[in-house]
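# A closer look at the structure
Listed below are the residues making up each chain.
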Amino acid sequence: MNQRGENIGTFHEGALKSYAVALGLDEAAFNECLDSNRYQNVVASELAEGQDQEVRSTPTLIVNGELIPGAVPFEQLQQQIEAELN
């Protein structure tokens, strides 16, 4: 795994730009967006919300305030959601 932290390893700026090229994205538009930090406040806000909810790993879902960490089968999620709706 290369997930050593924010802005290093897999998430280093150069790596992200390489992924964009490999995926065939509009390189100029991607680079402008990344370089501008346009979504920095949104990302920081969502990171803080996850920390407040005690999210410790991805994927993690929250159903009616209950943390559901890990890759959960659809059937299990469906049961939990239906139980909350009743």
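This one's a predicted model, so the numbers in the text were calculated from it and none came from an experiment.

The next point concerns the layout of surface pockets. Empty space within the second largest pocket amounts to approximately 260 Å³. Lining the second largest pocket are Glu46, Leu47, Gly50, Gln51, Val55, Arg56, Ser57, Thr58, Thr60 and Ile62. Mapped onto the lining of the second largest pocket, the elements with two or more residues apiece are helix 3 (40–52) and strand 1 (60–63). No other element matches the four residues that helix 3 contributes to the lining of the second largest pocket. In terms of residue class, the lining of the second largest pocket is made up of three nonpolar, five polar and two charged.

Attention now goes to a nonpolar patch on the surface. Taken together, the side chains of Tyr19, Leu23 and Leu25 define a hydrophobic patch exposed on the protein surface, amounting to about 320 Å² of accessible area. Topologically, Tyr19 is positioned in helix 1 (residues 13–22). The exposure class of Tyr19 is partly exposed, given its relative accessible area of 39%.

What follows concerns the pattern of salt bridges. This model, assessed by the stated rule, comprises three salt bridges. We note a salt bridge from Glu13 to Lys17, for which the minimum N-O separation is 3.2 Å. Placement of both Glu13 and Lys17 in helix 1 is noted, with a separation of four residues, approximately one turn of the helix. On the basis of relative accessible area, Glu13 is assigned to the partly exposed category, the value being 42%. The salt bridge involving Asp35 is made with Lys17; its shortest N-O contact spans 2.9 Å. In this pair, Asp35 sits in helix 2 (residues 27–36) while Lys17 sits in helix 1, placing the two residues 18 residues apart along the sequence.

A cis amide bond, omega -5 degrees, links Thr58 with the succeeding residue Pro59. Structurally, Pro59 can be placed in the loop between helix 3 and strand 1. Unlike most non-glycine residues, Asn64 shows phi in positive territory, near 55 degrees. Topologically, Asn64 is positioned in the loop between strand 1 and strand 2 (66–69).

Mapping Gln80 onto the fold places it in helix 4 (residues 74–85). For Gln80, a relative accessible area of 19% gives the class buried. Apart from residues no more than four positions distant in its own chain, Gln80 is found in contact with Val63, Glu66 and Ile68.

Parameters and conventions
- Residue indices begin from 1 for each chain and proceed along its sequence in written order.
- Only residues with pLDDT of at least 70 are given local features in this predicted model, and only at 80 or more are side-chain atom pairs given and counted; all residues enter the totals for whole chains, interfaces and linings.
- Calculation of side-chain values draws on the structure's entire complement of heavy atoms; hydrogens and water are dropped beforehand.
- For cavity detection a 1 Å grid was placed over the protein atoms alone, and a set of points counts as a cavity when a 1.4 Å probe fits there but cannot get out; an open set counts as a pocket when protein lies on both sides within 12 Å along at least five of seven lines, with lining residues being those that have an atom within 4 Å of a point.
- Grid points are joined across faces, edges and corners, and a volume is the space filled by probe spheres set on the points.
- In DSSP terms, a helix is any run of H or I states spanning at least four residues, a strand is any run of E spanning at least two, and both are numbered starting from the N terminus.
- Under the scheme applied here, ten amino acids are nonpolar (Ala, Val, Leu, Ile, Met, Phe, Trp, Tyr, Cys and Pro), four are charged (Asp, Glu, Lys and Arg), and all others, including Gly, are polar.
- For patches, a residue must show more than 30% relative accessible area and have no salt bridge; joins then use 9 Å for like charges and 5 Å for nonpolar side chains, namely Val, Leu, Ile, Met, Phe, Trp and Tyr.
- Note on areas: Shrake-Rupley, 1.4 Å probe, and residue coverage restricted to the protein chains presented here.
- We count a salt bridge whenever a side-chain nitrogen from Lys or Arg sits within 4 Å of a carboxyl oxygen from Asp or Glu.
- In this scheme, a residue with accessible area under 20% of its type's maximum is buried, one over 50% is exposed, and one in between is partly exposed, where area comes from a 1.4 Å probe on protein chains only.
- By definition in these notes, contact holds between two residues if any of their heavy atoms fall within 4.5 Å.

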